[in-house]
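# Tertiary structure, described
Single-letter residue listing:
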Amino acid sequence: MKFTSVLMSAAAIGLSAVGINAQQNQPACSSIYTRKEILSLTSSEWNLIRSILSAMQRDGWFPWFAYLHNQ
């Protein structure tokens, strides 16, 4: 359960990097973003998430991120 929460949090970070803009019809609020449904991710979006998670693990940031979200 804790791993799933961490994975979903990391996925949210990755998706925010993708920058999916749900408010394209309202130019006054150009910085409003919503998360994309996880089941509708493309293979390139999954590859981005995979690379982000791998970099987090490689750089030693992932255990710290997990620790913070379990407190």
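Counting restarts for each chain, with residues numbered from 1 along the sequence as it is written. Owing to the predicted nature of the model, reporting of local features is limited to residues with pLDDT of at least 70; listing and counting of side-chain atom pairs is limited to 80 or more, with chain, interface and lining totals taken over all residues. Here the side-chain values reflect all heavy atoms present in the structure, with hydrogen atoms and water set aside.

### Let's talk about helix 2 (residues 43-58)
Convention followed: Helix numbering and strand numbering both begin at the N terminus, where a helix is a DSSP run of H or I of at least 4 residues and a strand a DSSP run of E of at least 2. The span you would expect from a helix comes to 1.5 Å times its residue count less one.
Along its 16 residues, helix 2 runs 22 Å from first to last C-alpha, staying within 8% of the 22 Å computed at 1.5 Å per residue. Among the residues trailing helix 2, glycine 60 stands out with phi positive, at a value near 80°.

### Focus: the pattern of salt bridges
A side chain with one charge can pair with a side chain of the opposite charge if their charged atoms come near. Here is the rule we go by: When a carboxyl oxygen of Asp or Glu lies within 4 Å of a side-chain nitrogen of Lys or Arg, that pair is called a salt bridge. Relative accessible area decides the class of each residue, using a 1.4 Å probe on protein chains only: under 20% of the type maximum gives buried, over 50% gives exposed, and in between gives partly exposed.
With the rule as written, the count across this model stands at 2 salt bridges. Between lysine 36 and glutamate 45 there is a salt bridge; the shortest N-O distance is 3.0 Å. Taking relative accessible area as the criterion, glutamate 45 reaches 10% and is therefore assigned buried. The partner of aspartate 59 in a salt bridge is arginine 58, and the shortest N-O contact between them spans 3.3 Å. As far as burial versus exposure is concerned, aspartate 59 and arginine 58 are alike and both exposed.

### Digging into the nonpolar core
For clarity, the threshold we go by: Residues grouped as a nonpolar core are buried Ala, Val, Leu, Ile, Met, Phe, Trp, Tyr and Cys residues, joined through side-chain atoms within 4.5 Å.
In this structure, Leu41, Ile49, Ile52, Leu53, Met56, Phe62 and Phe65 together form the largest nonpolar core, which totals 7 residues. Sorting the residues of this core by element identifies helix 2 and helix 3 (61-69) as the ones contributing at least two each. Top contributing element to this core by residue count: helix 2, with 4 residues.

### With respect to the packing of aromatic side chains
So the rule is basically this: Ring pairs shown here join Phe, Tyr and Trp side chains whose ring centres sit within 6.5 Å, with only the six-membered ring taken for Trp; geometry is labelled stacked below 30 degrees between planes, edge-to-face above 60, and tilted in between.
What the rule picks out here adds up to 2 aromatic pairs. Look at tryptophan 61 and tryptophan 64: their rings are 5.7 Å apart centre to centre, the planes differ by 55°, and that puts the pair in the tilted class. Here the residue tryptophan 61 and the residue tryptophan 64 both occupy positions in helix 3, the gap between them amounting to 3 residues, near one helical turn. Assessed through its relative accessible area of 35%, tryptophan 61 is described here as partly exposed. Under the relative-accessibility criterion, tryptophan 64 is labelled partly exposed at 46%. Ring centres of tryptophan 61 and phenylalanine 65 lie 4.8 Å apart, and the angle between their planes is 25°; on these two criteria the pair is classed as stacked. Of this pair, tryptophan 61 and phenylalanine 65 both sit in helix 3, separated by 4 residues, roughly a single helical turn. Using a relative accessible area of 6% as the deciding quantity, one classes phenylalanine 65 as buried. Ring-pair connections join several aromatic residues into one group, and the members of that group are Trp61, Trp64 and Phe65.

### Observations regarding the packing of helix 2 against helix 3
What counts here: What counts as an axis is a line fitted to C-alpha atoms, over the stretch in contact for a helix, and the angles between N-to-C directions run from 0 to 180 degrees. By definition in this entry, angles of less than 35 degrees are roughly parallel, angles greater than 145 are roughly antiparallel, angles of 65 to 115 are roughly perpendicular, and the rest are oblique. Residue contacts are counted whenever heavy atoms from the two residues lie within 4.5 Å of one another. Note on residue classes: Ala, Val, Leu, Ile, Met, Phe, Trp, Tyr, Cys and Pro are nonpolar, Asp, Glu, Lys and Arg are charged, and everything else, Gly too, is polar.
Contact geometry for helix 2 and helix 3: axes closest at 5 Å, N-to-C directions at 95°. Judged by the angle between their axes, helix 2 and helix 3 are roughly perpendicular. Side by side, helix 2 and helix 3 meet where Leu53, Met56 and Gln57 of the first sit next to Trp61, Phe62 and Phe65 of the second. Each residue belonging to the contact of helix 2 with helix 3 can be placed in one class, and the counts come to 5 nonpolar, 1 polar and no charged.

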